[in-house]
Amino acid sequence: MKTQLMKMLDARKEEMIQIRRYLHENPELSFQEQKTAQFIVDFYKGKDMNVQTNVGNGLGIIVTIHGGKPGKTIGLRADFDALPIFEETDVPFKSKNEGVMHACGHDGHTAYMLVLADCLIQLKSSIAGSIKIIHQHAEETPPGGAKSIVDSGVLDDLDSIYGIHLFPTEPAGVVGYRSGYAMAGRSYFKLVIQGTGGHGSSPHMANDAIIAGAHFVTAVQTVVSRRLNPFEAGVVTIGSFDGKGTFNVIKDSVELEGDVRYMNGDTQQLIDKEIHRITSGIEVEFGVKCELTYTSDYPPLYNDPQVTETVVASLQSMNDPDIQKVMEFPMISASEDFAYYAEKIPGTFFFIGCRPKGVETPYFNHHPKFDIDEDALLVAAKSVGQVVCDYFKVD
Ligand SMILES: [Zn+2]
Ligand SMILES: [Zn+2]
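Residues numbered from 1 in each chain as written. Chains lettered and ligands numbered in written order. Predicted model: local features only at pLDDT ≥ 70, side-chain atom pairs only at ≥ 80, totals over all residues. Heavy atoms only, no water.

A.B. asks: Explain the sheet that holds strand β12 (residues 253–262) to me, using residue names and the numbers behind them.
C.D. replies: Strands in a sheet are paired, the pairing made by backbone hydrogen bonds, and the direction either parallel or antiparallel. Reading across from one edge, β10-β12-β8-β13 is the order of the 4 strands in this open sheet, with antiparallel pairing throughout. Across the chains shown, the open sheet's two edge strands, defined by having one partner strand only, are β10 (234–241) and β13 (289–296). Strand-to-strand, the axes of this sheet are offset by a mean angle of 20°, without reference to chain direction. The pairing of β10 with β12 spans 7 bridges and is classified as antiparallel. Bridge pairing in β12 places threonine 237 opposite aspartate 259. Set on the sheet, helix α6 (residues 209–227) makes contact with β8 (185–194), β10 and β12; between it and β10 the angle comes to about 165°. (Pairing = 2+ DSSP bridges. Helix = DSSP H or I, 4+ residues; strand = E, 2+ residues; numbered from the N terminus. Axes fitted to C-alpha atoms, helices over the stretch in contact; angles between N-to-C directions. Contact = heavy atoms within 4.5 Å.)

Structure follows, in structure tokens:
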């Protein structure tokens with residue numbers, strides 16, 4: 001079956017590219033992917049599988065492929081939403097939906113997965129078990145689609161789950177893996193500091209919110225530099241501070257917003273606690289009122305070490321000119337809602353190099369000029385196909 005699958009994928013490389021280009025031209029934002037979801041459902045029409053639509057808090061689609069015999073069930077996930085970005089590439093299939101762009105490669109994820117799924121449907125009699133293809137909506141916008149799909153219970157029967165992301169730091173042909181914590185978790189906070197406004201000439205009759213806010217910004221820098229174990233990773237960024245006012249008016253209130261990233265749950269808790277502590281300190285120190293909203297969304301992504309080890313061995317055993325190198329990747333400080341699947345189901349999320357040919361410094365995911373080497377689609381399909389074949393022990 002494995003040889004046959006690889007041959008089928010080879011023969012359908014062009015089709016993957018065409019699907020990717022169609023999706024690229026017609027991107028849709030998270031939670032608004034009606035046409036994309038319809039395109040996916042239409043692709044499966046007349047094929048021998050079961051499809052569930054509107055899964056979770058949006059347009060999630062679960063396609064179940066039952067093998068020839070009963071056995072274990074695995075999940076393969078591909079996301080399909082785009083981003084609110086004005087595309088700045090010169091590709092002929094540039095976004096027709098102005099201000100929306102597939103700048104994270106989810107068009108490619110969906111394209112390879114559709115073709116792979118179709119091939120697996122055709123070969124399913126050789127499989128002892130079932131495969132659930134998870135076409136996931138809304139990865140880019142918290143709360144995301146993944147958590148709601150997990151909560152819906154449709155994946156309760158999964159024994160294992162896999163996903164990939166296109167990643168332009170490496171060329172097509174490279175497959176990256178990372179065991180254990182691989183991608184960062186993320187929290188958001190908003191702090192409103194309420195002081196007392198007044199005349200610039202009379203600070204003693206007012207209570208300056210800008211001063212308190214400035215101290216908060218400075219104090220927060222000590223969370224990572226002074227509180228976090230230097231061998232752990234964390235980021236705290238204040239991305240917004242609305243101090244704009246008038247030169248001779250003492251500002252009565254300011255609002256700050258920030259982003260927090262961490263590589264494990266302990267760091268998540270530590271940063272959360274410290275930011276709350278600093279906020280209380282600012283209230284005491286400056287006599288202001290602070291209202292802190294602190295929410296955590298995507299957790300750190302944890303790749304099951306055993307599953308990852310098996311996948312790496314499986315990929316390394318491939319004798320295929322399209323898969324040139326299987327290498328360990330560093331931790332990635334971006335976040336991914338695949339983390340919700342991996343919290344519940346042992347699985348691994350790996351990376352497919354997609355750096356455009358002849359480019360030394362590629363534009364990273366979410367850049368308006370982000371682009372991929374479309375050879376990566378076949379690499380993704382073959383790698384995930386290999387993992388499926390080895391999981392079900394079919395040659
Ligand atoms: Zn993204
Ligand atoms: Zn993405």
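A.B. asks: I'd like a description of the sheet that holds strand β3 (residues 69–79), backed by residues and values.
C.D. replies: Taken in spatial order, the 8 strands of this open sheet run β1-β2-β4-β3-β5-β16-β6-β15, and their pairing is mixed. Edge positions in the sheet fall to β1 (50–55) and β15 (325–328), since each of these pairs with one other strand and no more. This sheet shows a mean twist of 25° between the axes of neighbouring strands, independent of strand direction. Along the sheet, helix α3 (residues 34–44) contacts β1, β2 (60–66) and β4 (128–136); its crossing angle with β2, the most-contacted strand, is approximately 15°. Here helix α8 (residues 305–316) sits on the sheet and contacts β5 (160–171), β6 (174–177), β15 and β16 (347–355); the angle it forms with β16, its principal contact strand, is near 40°.

A.B. asks: Could you give an account of the coordination of the zinc ion (ligand 2), with specific residues and numbers?
C.D. replies: By definition of the ideal shapes, a tetrahedral metal site with four donors has angles of 109.5 degrees and an octahedral site with six donors has angles of 90 or 180 degrees. Around the zinc ion (ligand 2), the donor atoms from the protein are Cys104 (SG), His106 (NE2) and His165 (NE2), and they sit 2.1 to 2.5 Å away. Motif for the zinc ion (ligand 2), donor spacing along one chain: C-x1-H-x58-H. Separating the zinc ion (ligand 2) and the zinc ion (ligand 1) is a distance of 3.1 Å, and cysteine 104 donates to both of them. Overall, the relative accessible area of 7% leaves cysteine 104 in the buried class. (Donors = N, O, S within 2.8 Å, 3.2 Å for Na, K, Ca; no water. Buried < 20%, exposed > 50% of the residue type's maximum accessible area, 1.4 Å probe, protein only.)

A.B. asks: Account for the environment of lysine 13, with residues named and values stated.
C.D. replies: Following the sequence through the fold, lysine 13 ends up in helix α2 (residues 13–25). Exposure remark for lysine 13: the relative accessible area of 25% places this residue in the partly exposed category. Sequence-distant contacts of lysine 13, defined by excluding residues within four places in its chain, comprise Asp375 and Leu378. A polar contact is formed between the side chain of lysine 13 and the side chain of aspartate 375, at a distance of 2.8 Å. (Polar contact = N/O pair within 3.5 Å; in protein donor to acceptor, adjacent residues only side chain to side chain.)

A.B. asks: An account of the packing of aromatic side chains is requested, with residue identities and associated values reported.
C.D. replies: Summed over the entire model, instances satisfying the criterion amount to 14 aromatic pairs. Each ring, one from tyrosine 298 and one from tyrosine 340, has its centre 6.0 Å from the other, and the planes form 80°; the classification is edge-to-face. You can see tyrosine 298 sitting in the loop between β13 and β14 (301–303) and its partner tyrosine 340 sitting in helix α9 (residues 338–344), a full 42 residues away along the chain. Accessibility classification places tyrosine 298 together with tyrosine 340 in one group, the buried group. Relative to phenylalanine 392, the ring of tyrosine 391 lies with its centre 5.2 Å away and its plane at 80°, an arrangement referred to as edge-to-face. Here the aromatic residues Phe167, Phe329, Phe338, Tyr341, Phe349, Phe351 and Phe364 are joined through ring pairs into a cluster of three or more. (Phe/Tyr/Trp six-rings, centres within 6.5 Å; stacked < 30°, edge-to-face > 60°.)

A.B. asks: Pulling in residues and values, what's your account of the UniProt feature "binding site: Mn(2+)" (unreviewed entry) in the protein chain?
C.D. replies: Per the UniProt record, "binding site: Mn(2+)" (unreviewed entry) is annotated on Cys104, His106, Glu140, His165 and His366. Look at the named residues: they lie 263 residues apart in sequence, but the longest C-alpha span between them is just 13.0 Å, so in the fold they bunch up. Considering the arrangement of structural elements, one finds cysteine 104 in the loop between β3 and α4 (106–122). Non-local contacts of cysteine 104, meaning those with residues more than four positions away in its chain, are made with Leu83, His109, Glu140, His165, Asn365, His366 and Phe370. Residue position: histidine 366 is located in the loop between β16 and α10 (375–391). (UniProt positions renumbered as here; feature names shortened; annotations may be inferred.)

A.B. asks: Lay out the pattern of salt bridges in plain terms, naming residues and giving numbers.
C.D. replies: Scanning the model with the defined rule gives 26 salt bridges in all. In this structure, arginine 77 and glutamate 336 form a salt bridge, with 3.0 Å as the shortest nitrogen-oxygen distance. One end of the pair, arginine 77, is in strand β3; the other, glutamate 336, is in the loop between β15 and α9, with 259 residues separating them in the sequence. The class of arginine 77 is buried, set by a relative accessible area of 1%. For glutamate 336, a relative accessible area of 1% translates into the label buried. Between aspartate 320 and lysine 382 there is a salt bridge, with its nearest N and O atoms 3.0 Å apart. Remark: lysine 382 occurs in helix α10 and aspartate 320 occurs in the loop between α8 and β15; sequence separation between them is 62 residues. When its relative accessible area of 1% is taken as the criterion, lysine 382 is described as buried. (Salt bridge = Lys/Arg side-chain N within 4 Å of Asp/Glu carboxyl O.)

A.B. asks: Can you explain the pairing of β1? Please cite residues and give values.
C.D. replies: Across 4 bridges, β1 lies against β2 in antiparallel orientation. Considered in β2, the bridge of asparagine 50 is made with threonine 64.

A.B. asks: So what's going on with the packing of α3 against α4? Which residues, and what values?
C.D. replies: Their axes nearest at 11 Å, the elements α3 and α4 cross at an angle of 20°. Accordingly, the angle class assigned to the pair α3 and α4 is roughly parallel. Regarding α3 and α4, the two cross each other, and that crossing is right-handed. Within the contact between the two elements, α3 uses Phe39, Ile40, Phe43 and Tyr44 and α4 uses Thr110, Leu114, Val115, Ala117, Asp118 and Ile121. Taken together, the residues of the contact of α3 with α4 break down into 8 nonpolar, 1 polar and 1 charged. (Parallel < 35°, antiparallel > 145°, perpendicular 65-115°, else oblique. Left-handed = near helix turned anticlockwise from the far one by under 90°. Nonpolar A, V, L, I, M, F, W, Y, C, P; charged D, E, K, R; others polar.)

A.B. asks: Break down α3 for me, citing the residues and quoting the values.
C.D. replies: Within α3, the full set of buried residues consists of Thr36, Ala37, Ile40, Val41, Phe43 and Tyr44. Angular distribution of buried residues about the axis of α3 spans 155°; they occupy a single face of the element. On its buried side, α3 packs onto α2, β1, β2, α4 and β4. Positive backbone phi, at 80°, marks glycine 46, one or two positions downstream of α3. (Arc of directions from axis to C-beta.)

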